[in-house]
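Fold and geometry: a report
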Amino acid sequence: MKTEYARHASGRMFENNFLEAASKIHPATPFAFYIPIITGMLGWALWSGTTRVGMVALFAPLGYLTWCFMEYTLHRNLFHWEGNGPLTRRFHAIIHGYHHTYPDDPQRLVMPLGASIPLAIVISGLLWLVGRPDATIPYFFGIVVGYLAYDYLHWAVHYKKPWTNWGKALRSHHMAHHFACPDKNFGISHRWIDRLVGSTQVRGQAAREVAAQQEPTQR
């Protein structure tokens, strides 16, 4: 994937005015939309006896963990898939290429509802087919909490100055993905899966590897 980018700028994604407007989203929108839904869903499940606190304590963290792997897999295998033809390259440009070209566009740092709602419907529909709402409701709750954490942290690493060592490390991890090694550091709300599968790279390491590759041609 190419690393050309324009800092502190924005561009147009669609010629159609409606699609262009729909591709932009205020960072607070996903939280205002999903938090009442998942809180009400889990509260109803506990109040009605559909699930129990013990099941929530077990399956909500499993849902969160599932999102971590979904985030990594989607980012690495779908968002960075460019294909070979004009349609696949246009698809890539819409879902992720624009973000790499304009990494500081504040209206495109969280996922638009038009993209997240269909994904949520597919996941919840599959869990409904599984049955066992005592397990699948807290599991879905954990997935959505993981997604919201991802949306917030992705916005924060681009838009806010970190004030903790963890935040600084997370920002450095993601900025390296944007500006030094787009084929590494796919975890956004976490770094541990990159470490687990060997796709971690830091900015200094990337620079040294590029320099080492250029040395033979410079002699």
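Residues numbered from 1 in each chain as written. Predicted model: local features only at pLDDT ≥ 70, side-chain atom pairs only at ≥ 80, totals over all residues. Heavy atoms only, no water.

Turning our attention to the packing of aromatic side chains. Going through the model one piece at a time under the given rule, you end up with ten aromatic pairs. Both rings, one in tyrosine 72 and one in phenylalanine 186, keep their centres 6.0 Å apart while their planes meet at 85 degrees; by these two values the pair is edge-to-face. With a gap of 114 residues between them, tyrosine 72 in helix α3 (residues 53–79) and phenylalanine 186 in the loop between α7 (165–179) and α8 (192–197) connect regions that are remote in the sequence. Residue classification places tyrosine 72 among the buried positions, given a relative accessible area of 7%. The structure contains a cluster of three or more aromatic residues connected by ring pairs, namely Phe33, Tyr34, Trp67, Tyr147 and Tyr150. Over the ring of tyrosine 98 we find arginine 108; its NZ or CZ atom is 4.5 Å from the centre of that ring. (Phe/Tyr/Trp six-rings, centres within 6.5 Å; stacked < 30°, edge-to-face > 60°. Helix = DSSP H or I, 4+ residues; strand = E, 2+ residues; numbered from the N terminus. Buried < 20%, exposed > 50% of the residue type's maximum accessible area, 1.4 Å probe, protein only. Lys NZ or Arg CZ within 6 Å of the ring centre and 35° of its normal.)

What follows is about the packing of helix α4 (residues 86–101) against α7. Taken N-terminus to C-terminus, the directions of α4 and α7 make an angle of 95 degrees; their axes are 9 Å apart at the nearest point. Taken together, the axis directions place α4 and α7 in an arrangement best described as roughly perpendicular. On α7, the residues touching His96, His99 and His100 of α4 are His174, His177 and His178. (Axes fitted to C-alpha atoms, helices over the stretch in contact; angles between N-to-C directions. Parallel < 35°, antiparallel > 145°, perpendicular 65-115°, else oblique. Contact = heavy atoms within 4.5 Å.)

Now for the side chain of histidine 174. With respect to the helices, strands and loops of the structure, histidine 174 is situated in helix α7. The residues contacting histidine 174, other than those within four sequence positions of it, are His99, His154, Val157, His158 and Ile188.

With respect to the element layout, aspartate 134 can be found in helix α6 (residues 133–159). The buried category is assigned to aspartate 134, whose relative accessible area is 11%. Within the structure, the side chain of aspartate 134 is placed 2.8 Å from the side chain of arginine 132, a separation counted as a polar contact. Look past the residues within four positions of aspartate 134 in its chain and what remains in contact with it is Thr50, Thr51 and Met55. (Polar contact = N/O pair within 3.5 Å; in protein donor to acceptor, adjacent residues only side chain to side chain.)

As a further point, take the nonpolar core. Membership of the largest hydrophobic core comes to 22 residues, with the highest contact counts inside it found for Tyr147 and Tyr150. Elements with a contribution of two residues or more to this core: α2 (29–47), α3, α5 (113–130) and α6. Once you skip the residues sitting within four places of it in the chain, tyrosine 147 turns out to touch Pro30, Tyr34, Trp67, Met111 and Ser116. By size, the runner-up hydrophobic cluster in this structure holds five residues, among which are Ile25, Leu109, Val110 and Ala156. (Core = buried A, V, L, I, M, F, W, Y, C linked by side-chain atoms within 4.5 Å.)

On to α2. Taking 1.5 Å per residue as the helical rise, α2 with its 19 residues ought to reach 27 Å, and the 27 Å between its terminal C-alpha atoms agrees with that figure. Elements in contact with the buried residues of α2: α3, α5 and α6. Count one or two residues on from α2 and you reach glycine 49, which has phi positive near 80 degrees. (Expected span 1.5 Å × (residues − 1).)

Low pLDDT marks stretches whose predicted atomic positions should not be read closely. Residues at a pLDDT of 70 or more form 90% of the chain, whose mean pLDDT is 86. Ranking the elements of the chain by mean pLDDT puts helix α9 (residues 203–218) last with 49 and α2 first with 95. (pLDDT = per-residue confidence, 0-100.)

Counted according to the given criterion, the structure contains five salt bridges. We note a salt bridge from glutamate 82 to arginine 89, for which the minimum N-O separation is 3.4 Å. The exposure class of glutamate 82 is partly exposed, given its relative accessible area of 24%. Judged by relative accessible area, arginine 89 falls into the partly exposed class, the value being 44%. Note that arginine 132 is salt-bridged to aspartate 134, the shortest N-O span being 2.8 Å. Put simply, Glu20, Lys24, Asp105 and Arg108 are held in one network by salt bridges that share partners. (Salt bridge = Lys/Arg side-chain N within 4 Å of Asp/Glu carboxyl O.)

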